[in-house]
Amino acid sequence: LRYIRRRRAAAQQLREAFDPKSTETLEVQIHRLREALQEARDAGVPRADMQELSERLASMVVILRRANALKAMNEALAAEDIERIQASLGEARKAGVEEIDVARVERALQDLIDEIELAHEKQRLLRLRIENSMAAKNSAECATTSKEVEHMLGEHSVTKSLRNTIEEAR
């Protein structure tokens, strides 16, 4: 008699565990449904009575995994963290995130990589210009004739080169 009551209670709990109109988070709904299914199994509720809710639970878990993967991709993108973006893209593909979302993040990742490469190239060029300007300044300091001084102050002069390099660095 106790076994039959437990099974009926578990079956009732199972029917109440899933509410399609629930406003609770998906995590809470999944947790509640898992517990109800486990109790139903333990109480001996027939598998056929649990089948629909087991399938629904599996579907909810897939939806949650996709939502979490999409969120992780967007957070990694917002942080501009290339390694996190790449890892989140892998998880998003495994979770079945919509291809349009994956493609959007892939494009943004490539843009970020291009920006970083461009910044590194610009930094390298600025270093080169500074080195060249410093070398020109050092040679200008050794000027002994008025023609050499005019060359330092002229249109393509060392001082103009230094000013241009400083402006570009800003």
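Residues numbered from 1 in each chain as written. Predicted model: local features only at pLDDT ≥ 70, side-chain atom pairs only at ≥ 80, totals over all residues. Heavy atoms only, no water.

## Notes on the overall build of the protein chain
Move 1: Scanning the protein chain from N- to C-terminus turns up seven helices and zero strands.
Move 2: Here the protein chain, with 170 residues, has 24% of them falling under the buried criterion.
Move 3: Taking the contacts inside the protein chain whose residues are at least 6 apart along the sequence as the reference set, 60% of them involve residues at least 24 apart.
Move 4: For the protein chain, the accessible surface area stands at approximately 12300 Å², while carbon and sulfur atoms represent 53% of it. (Helix = DSSP H or I, 4+ residues; strand = E, 2+ residues; numbered from the N terminus. Buried < 20%, exposed > 50% of the residue type's maximum accessible area, 1.4 Å probe, protein only. Contact = heavy atoms within 4.5 Å. Areas by Shrake-Rupley, 256 points an atom, 1.4 Å probe, with all protein chains shown as cover.)

## Looking at the nonpolar core
Most often, soluble globular proteins keep nonpolar side chains buried together rather than apart.
Move 1: The biggest cluster of nonpolar side chains holds 17 residues, and the ones touching the most others in it are L14, L33, L37, A40, V45, M50 and L53.
Move 2: Those elements giving two or more residues to this core turn out to be α1 (2–17), α2 (26–43) and α3 (47–79).
Move 3: No other element matches α2, which puts six residues into this core.
Move 4: Beyond its immediate stretch of four places on either side in the chain, L14 contacts A36, L37, A40, D49, M50 and L53.
Move 5: Among the nonpolar cores identified, the runner-up in size contains 13 residues, and A69, I85, V97 and V105 belong to it. (Core = buried A, V, L, I, M, F, W, Y, C linked by side-chain atoms within 4.5 Å.)

## Notes on the packing of α3 against helix α4 (residues 82–95)
Move 1: Following both chains from N to C, one finds α3 and α4 inclined at 160°, their axes separated by 9 Å at the closest point. Considered as vectors, α3 and α4 are oriented roughly antiparallel to each other. Between α3 and α4 the crossing geometry is left-handed. Contacts between α3 and α4 involve R65, R66, A69, A72, M73, E75, A76, L77 and A79 from the first element and R84, I85, S88, L89, E91, A92, K94 and A95 from the second.
Move 2: Taken together, the residues that form the contact of α3 with α4 break down as ten nonpolar, one polar and six charged. (Axes fitted to C-alpha atoms, helices over the stretch in contact; angles between N-to-C directions. Parallel < 35°, antiparallel > 145°, perpendicular 65-115°, else oblique. Left-handed = near helix turned anticlockwise from the far one by under 90°. Nonpolar A, V, L, I, M, F, W, Y, C, P; charged D, E, K, R; others polar.)

## Regarding the pattern of salt bridges
Move 1: All told, the structure shown has seven salt bridges when counted by the stated rule.
Move 2: R6 is paired through a salt bridge with E39; the nearest N and O atoms lie 3.0 Å apart. Of the two residues, R6 is situated in helix α1 and E39 in helix α2; the sequence distance between them amounts to 33 residues.
Move 3: Using a relative accessible area of 37% as the deciding quantity, one classes R6 as partly exposed.
Move 4: Where R32 meets E24, a salt bridge forms, and the shortest distance between an N and an O atom there is 2.3 Å. (Salt bridge = Lys/Arg side-chain N within 4 Å of Asp/Glu carboxyl O.)

## Digging into the environment of V97
Move 1: Within the secondary structure, V97 is located in the loop between α4 and α5 (99–140).
Move 2: Measuring from C-alpha to C-alpha, the distance between V97 and N68 comes to 9.6 Å, with 29 residues separating the pair along the chain.
Move 3: If we skip the residues at most four places from it in the chain, V97 touches R66, A69, L70, M73, A92 and V102.

## Details of α3
Move 1: Spanning 33 residues, α3 covers 46 Å between terminal C-alpha atoms, matching the ideal 48 Å at 1.5 Å per step.
Move 2: Along α3, the sharpest kink reaches roughly 25°, centred on L53.
Move 3: Turning to α3, its buried residues number three or more, namely M50, L53, L57, M60, L64, A69, M73, A76 and L77. (Expected span 1.5 Å × (residues − 1). Bend = angle between axes of the 7 residues up to and from the residue.)

## Details of the packing of α2 against α3
Move 1: The contact between α2 and α3 brings their axes to 10 Å, and the two run at 150°. The orientation of α2 with respect to α3, classified from their angle, is roughly antiparallel. Here α2 runs over α3; the crossing is left-handed. Across from L26, E27, Q29, I30, L33, R34, L37, A40 and R41 in α2, the residues of α3 making contact are M50, L53, S54, L57, M60, V61, I63, L64 and N68.

## Observations regarding the side chain of Q29
Move 1: Along the polypeptide, Q29 turns up in helix α2.
Move 2: If we skip the residues at most four places from it in the chain, Q29 touches D19, S22, E24 and M60.

That's the geometry; what it means functionally is another story.
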